[in-house]
Structures are given as structure tokens and as C-alpha cells.
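# Results of the structural survey
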Amino acid sequence: MSLIPDDVIEQIREAADLVGIIGEHVELKRTGSDFRAPCPFHGGTHRNFAVIPRKGMFYCFVCHAGGDVFTFFMKKLGMDYPTAVREVARRVGITIPERGPTGPDPREPLYGAVAAAADWFARQLLETPEAQVARDYLTTRHLDLETVQPLGLGYAPKSKTFLDAMKGLGVRDEVLLEAGLLAKREDGTLVPRFRGRLLFPIHDLRARVVAFGGRILGEGEPKYLNSSDTPIFHKGKLLYNLHVAKHAMRKAERAILVEGYFDVLRLSLAGIEEVVAPLGTGLTPEQAQLVKRHAPHVILLYDSDEPGLRATFRAGDELLREGLRVSVATLPAGEDPDTLVQKKGAAGLEEILKDAVDVLERKIQILDRKGFFGTLPGRRRALDRLLPTIRAAKDQITRELYLSRAAEAAGVRKDVLEREVLGAGSGERYRPSAPQGPAPGSPLPANAEKALLLLMLEGEPWLSRVTEAVDSEELEFPPYRAVFESVADDAVLALDDTSARAYEQLKAEGLGGRDPNEVYERAVNWMEARRLERQMEQLDDQLPFETPERQASLIAEKRRVFDELRKRYPRYKIAKRRRGAPGT
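Residues numbered from 1 in each chain as written. Predicted model: local features only at pLDDT ≥ 70, side-chain atom pairs only at ≥ 80, totals over all residues. Heavy atoms only, no water.

Time to look at the sheet that holds strand β13 (residues 275-276). An order of β13-β12-β14-β15-β16 is seen for the five strands of this open sheet, with the pairing classed as mixed. This sheet does not close on itself; its edge strands, each paired only once, are β13 and β16 (357-358). Taken together, the four bridges between strand β14 (residues 297-300) and strand β15 (residues 325-328) define a ladder with parallel strand orientation. In the sheet register, L300 faces β15, and the bridge partner there is V328. (Pairing = 2+ DSSP bridges. Helix = DSSP H or I, 4+ residues; strand = E, 2+ residues; numbered from the N terminus.)

Moving on: the packing of helix α5 (residues 108-127) against helix α6 (residues 132-140). The N-to-C vectors of α5 and α6 enclose an angle of 80°; their axes lie 7 Å apart at closest approach. Our classification of the angle between α5 and α6 gives roughly perpendicular. Two secondary-structure elements touch here, α5 through Q124, L125, L126 and E127 and α6 through A134, R135 and L138. Here the residues of the contact of α5 with α6 are counted per class, giving four nonpolar, one polar and two charged. (Axes fitted to C-alpha atoms, helices over the stretch in contact; angles between N-to-C directions. Parallel < 35°, antiparallel > 145°, perpendicular 65-115°, else oblique. Contact = heavy atoms within 4.5 Å. Nonpolar A, V, L, I, M, F, W, Y, C, P; charged D, E, K, R; others polar.)

Looking now at unusual backbone geometry. For residues besides glycine, phi is generally negative; the peptide bonds are generally trans as well. Here the amide bond leading from E221 into P222 is cis, since omega sits at -10°, within 30 degrees of zero. Of note, P222 is situated in the loop between β10 (209-216) and β11 (224-226). Between E460 and P461 the backbone carries a cis peptide bond, its omega angle lying at 5°. Looking at where P461 falls in the secondary structure, it is placed in the loop between α19 (448-456) and α20 (462-469). Phi at A207 takes a positive value of approximately 70°, unusual for a residue other than glycine. With respect to the helices and strands, the residue A207 is situated in the loop between β9 (197-203) and β10. With a relative accessible area of 29%, A207 lands in the partly exposed category. Of note, the phi angle at E253 is positive, near 60°, even though the residue is not glycine. By secondary structure assignment, the location of E253 is in the loop between α10 (242-252) and β12 (255-257). (Buried < 20%, exposed > 50% of the residue type's maximum accessible area, 1.4 Å probe, protein only.)

This next bit is on the pattern of salt bridges. For the coordinates displayed, the defined rule picks out 33 salt bridges. Across the pair E361 and R405 runs a salt bridge whose closest N-O atoms are separated by 2.9 Å. Taken together, the residues E361 in helix α15 (residues 359-369) and R405 in helix α17 (residues 396-410) connect sequence positions 44 residues apart. For E361, a relative accessible area of 24% corresponds to the partly exposed category. Residue R405 is classed as partly exposed on the basis of its relative accessible area of 25%. One connected set of salt bridges, linked through shared partners, spans E10, R13, D68 and K246. (Salt bridge = Lys/Arg side-chain N within 4 Å of Asp/Glu carboxyl O.)

With that settled, the discussion passes to the packing of helix α16 (residues 376-392) against α17. As a packed pair, α16 and α17 sit with axes 10 Å apart at the nearest point and diverge in direction by 175°. The orientation of α16 with respect to α17, classified from their angle, is roughly antiparallel. Across the interface between the two elements, R379, L383, L386, T389, I390 and R391 of α16 pack against R399, Y402, L403, A406 and A410 of α17. Residue classes in the contact of α16 with α17 are distributed as seven nonpolar, one polar and three charged.

Mapped onto the secondary structure, I96 falls in the loop between α4 (81-92) and α5. Residue class for I96 comes out buried when judged on its relative accessible area of 14%. Residues I96 and I4, spaced 92 residues apart in sequence, show a C-alpha to C-alpha distance of 7.1 Å. Not counting residues up to four positions away in its chain, the partners in contact with I96 are I4, V8, I12, V85, R86 and A89.

On to the confidence of the model for the protein chain. The share of residues in the protein chain with pLDDT of 70 or more is 90%, and the mean pLDDT across the chain is 85. Counting interchain partners and residues more than four positions distant, the pLDDT-below-50 stretch residues 424-441 has 30 contacts. Long-range and interchain partners of residues 572-584, a stretch whose pLDDT sits below 50, account for 25 contacts in this model, where long-range means more than four residues apart. (pLDDT = per-residue confidence, 0-100.)

The tally for this structure, following the rule as stated, stands at 21 aromatic pairs. Between the aromatic rings of F72 and F73, the centroid separation amounts to 6.4 Å while the plane-to-plane angle is 75°, which identifies the pairing as edge-to-face. The same class applies to F72 as to F73, namely buried. Residue placement shows R208 over the ring face of Y111; its charged tip is 4.0 Å from the ring centre. The side chain of R465 reaches across the aromatic face of Y520, ending 4.2 Å from its centre. (Phe/Tyr/Trp six-rings, centres within 6.5 Å; stacked < 30°, edge-to-face > 60°. Lys NZ or Arg CZ within 6 Å of the ring centre and 35° of its normal.)

Moving residue by residue along a regular strand, the side chains alternate between the two faces of the sheet. Once the chain exits β14 it traverses helix α13 (residues 306-320) before rejoining the sheet at β15, and the crossover so formed is right-handed. As paired strands, β15 and β16 are joined by two bridges and run antiparallel to one another. By the bridge assignment for β16, S327 is matched with D358. (Right-handed = clockwise from strand over helix to strand, strands pointing away.)

For the rest of this paragraph, the subject is the nonpolar core. If you look at the biggest cluster of nonpolar residues, it comprises 64 residues, and the most contacted ones within it are F162, L198, F212, Y240, L267 and L301. L320, F372, L387 and A409 belong to the second largest nonpolar core, which has 46 residues in total. (Core = buried A, V, L, I, M, F, W, Y, C linked by side-chain atoms within 4.5 Å.)

On to the pairing of β10, then. Of all eight residues that make up β10, eight are buried, and the element is covered over most of its length. In terms of strand pairing, β9 meets β10 through seven bridges, oriented antiparallel. Looking across to β10, one finds that L199 is bridged to G214. The antiparallel hairpin formed by β9 and β10 contains five residues in its connecting segment, where A207 sits at a positive phi of about 70°. Inspection of the sheet shows β10 paired to β11 by three bridges, in the antiparallel sense. For R215, the partnering residue across the bridge sits in β11 and is Y224.

Turning our eyes to something else, we now look at the sheet that holds β9. Reading across from one edge, β6-β9-β10-β11 is the order of the four strands in this open sheet, with antiparallel pairing throughout. Unpaired on one side and paired on the other, β6 (154-156) and β11 mark the two borders of the sheet. Looking at each pair of strands side by side, their axes are set apart by 35° on average, direction ignored. The sheet contacts of α5 involve β6, β9 and β10, and relative to β10 the element is tilted by about 40°. Seen against the sheet, helix α11 (residues 261-269) touches β9, β10 and β11 and runs at an angle of roughly 70° to β9.

This is the structure in C-alpha cells:
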């Protein structure tokens, strides 16, 4: 069977009359903006079956059957997915252009495994005593089960009952492993990837569940854990809730981008449906392109603390590169979208969205509040922070407006700033510097400094943890120091050629599956050892020039530092002899 293009499937879904189609099989009665009926799947007599046209979905609050118009035909008439799509296309008068390759989709077992897991996790949340901790947690977030049931939230128990349940459903371990539902330990044993977590199903654009995001309940790290990348899921290429929000985004001609799952749920439940979130990482180019397909304007609604602002401006630059119009909404101190909507409702949030300002204007406001424009050096540093956003603006009119506004704020001539943006400025920061690092294509030094940069490039919370633990001056390899400062200041586009090459190599390398907590502990331990080593070197430099009494005191201090160094890093002497760069 030939594959049906995704854009055609989307066109068919939007053209389908969900109420009319389901109404052929069950008597629907309007209840507000939705429709209710006895469930056609479990044969109930009460009106527990809901059809929700604005979301393009149906859901039964008793048997938990749910999905879109294609799912209805699959469940009711036993069709497979392509046949259901063709049947709906016939009804709405859309011709499907056939394209290869032919044959069944080899990924179908993975979709089936994740769908089976999603249904099982949802039942655990509703029915099992162990999931009481998850139900209690939802209560603390002011969410009741009836509200979250249609959203497909689930619970992954701490035990291994998931393995037995999937085995009972005939789902093979190797399929579960490939679908990212199991993890393999070093000894080869398989364990559930999600344990003791509240689960949020992640859908692709066809509204199929392809992965999960899990929030730990109780002690443990990481706080949020996503499915690993699989043949059907790439976290940098999907947005949470886009399968539902895309319809509202087109209608409202805007998208609201938030940071977390609960922010999305709260806004959606309040009736603000054009809301999406990245999947635990900074916004990627692919995600920005997804937004562009459905809305011309994006409002960034992130936390207003320092990490939230850094994430805001990184996402803003990524969206500007796609030619989108980008605004920033500012939340009151201590609030996030979830808590604000709980207190003030949709109307309160709309007031904040109405006051959203352009992303460059928001940067200027913050820099002005911090006093950057009060001194000449401060203006230079302010421009360093504004230039990446100006350069990111793909739309020529937007870039022209940004140049004028930044020049006005900093008190410089627009033509001078324009040359700087185009790389023709005479400022030392932007002149190609003499190579201080590896030549193009050569490997970067593998050391603690590199490990810390790889963590920073993972985004929050690692960016904040690293910048709090280490000062940029402690990095001894010049390109690493430049990358550290540029990432911390959100000014990557201001890097010189050598440091930019290092940055690109680091981005391409990534952590490679290593445990970030372990990487962080080892790297910070190394940096602390290096601090103590430098302290000893300073004491050695002082010794020849001191009196005998003072020398005795310095030697005692050197011994204390050395003992502390050996305690923190027992193999210090061996490592020092082998080290080719700091922290190897």
C-alpha cells in the first residue's frame, strides 16, 4: 500500500465533519460547545462519550477510548489507519495522490507498542492503589482526574509490572526497547524506562502517541525524563500539544510558546488552546519551522527569572531566523503560566499577552533596567547582547527596524551598527583573530572545560548550574573561554572564527548518552582541583621572596592545600603528569 503524504492527511482531518460522522453511529446531544452520547464502544447507556469538535477528538470517560476521526473508524469498523484515511477522504471529496514506497510501514510495530503502553499507563493512573501518589500530586496542582482523562495522562509504577503487562499483550521486548519504553542495563537486563513518574503522552502531527515525558514523584533525578529518540520520535522535531494546538494557532494567527507540560495543560483547560512547548530542550530550528507552518506570530511566555530570560531570547532568535514575528509576555515576579491562570484565569493571562512587546524591545528594557546604557563600556556590552537578535532577523524590514532601535538606544550611528551586523565593523571583537585553538577539522581538547561546555549546551538546568559553579576566567583554553562567555550571555553569533568552529564542534558532539549528573560532578571536581593547584603555584612563586618566618607559614599553607587537593582528587599526581590540557 502506498504511503499517504502527511499534508494530505492533515487536509483530510481538518475537512472532516467529526460530529456528522460519529453522529451516524450514535445519537449525539449538544452540551455547551461539545456533544455527548452513550459510548458506542463499551455499550454504555449513560452519556459518558464526548465529541469535542474544537479539538477534533472524541473521548469516553468510562472505557477511555479516544482519538480523532480516523481512530473512530479504526475502532468502530476495524479498519487499519490507511484505510480509515481513505474512507474519510472519500467522504469529504479529497483525492489522495499516491506515492511510494509500497508495502506496510516497518515502524508500525513501534506505533502499536507505544499506543498499548499509553493505554496501560492511563489505566494505572485511574485505577491502581500505587498511583495514589500521582493522583495526590495532580490534586496539589488543582487538576482532577476527570479533567485530565481526555488528555491521556498516565502513571508508570516503580515495579516491573509494565514488562508483564506488555508481555501479556504480545508486545516483544525488542520492540519495546526500540520504541524507547525499555532501557538496557550494563549487565544486559531490561527495565522500564519510566518508573514512579506521572506521564504526559507526546503526539506526532497525525495525533499518534510516539513518546512520553515523565515527571518524577518524590525524590530522584532527573525531575523530567523524556523518551529517548527512536525511529518514530525525535524530541527536537516535535512540540508538545501541537497536534491539537495547530488548529487554534491557524485560527488565532498566533502561537503561545511556554516551557513546561503543566503550563500547556493549564492554558488549554482555560480555553487558550494555541499553546505549545518544546520537549525539555531549547527550541530547535526544526521546532521553529513547525511553528511557522501554522502561525505568523509567536508570543514567548517563559518564566521571568534569569534562566527563563536566557531561554526566552534563545528561542526568540531561533524564531526570528524563520521570519516569524516574535513577542515576549512578562509574567509577574514569582509566577509561571500555570500559577497565573490558576489565580486570574484566562482573562488575567490575556491581559498579559495583550501587553507583550517585541523580543528586541524586551532585551533593551532589561539592559536599560540594569544600567547598561549609562556608560560607554556598558553600551558596548549592551550592543554585544543585541547584535545576535538583530542578525537573527530574517525579515529585512524587521532587521531594518531593529538596527534603528538599537542604534537609538545605544547612541550610535545606524550605518556604523549596520556595518557591525554585516561583519564589516572595525571593533576588535569581530575581527578575525589569530588562531588560538585547533585548526578546522582537528579534535578539541578532551578535558573538564569541554565537559562543562557540553553540559551548558544541553540548556537548563545545566546552563545555570555550570555558570554558578565556574567562572569564565577559570577556563584556560581560549576558545572554550569564549564559548563559555557567549553561551552564558546568549551572544553566540558574536564569536570569532576560531571560537565559532569550537562551538559548532561541541554542538555536533553533544553528551553522547553520558549521564549529565556524573559528567557534572567529575568536571566540577576537576575544576576545583585546578583551583587548588593554582593556589599552590602562587605559593611557590611567593616563597623565594619571603623571610624565613614567612616561608615557614607559606610552606604550612602549601601542605594544607596539597592535602585538600589529594583528598578531593586522590590520583592528582598521576593525572597531572599525563595532562595535555587543563582537566584532561
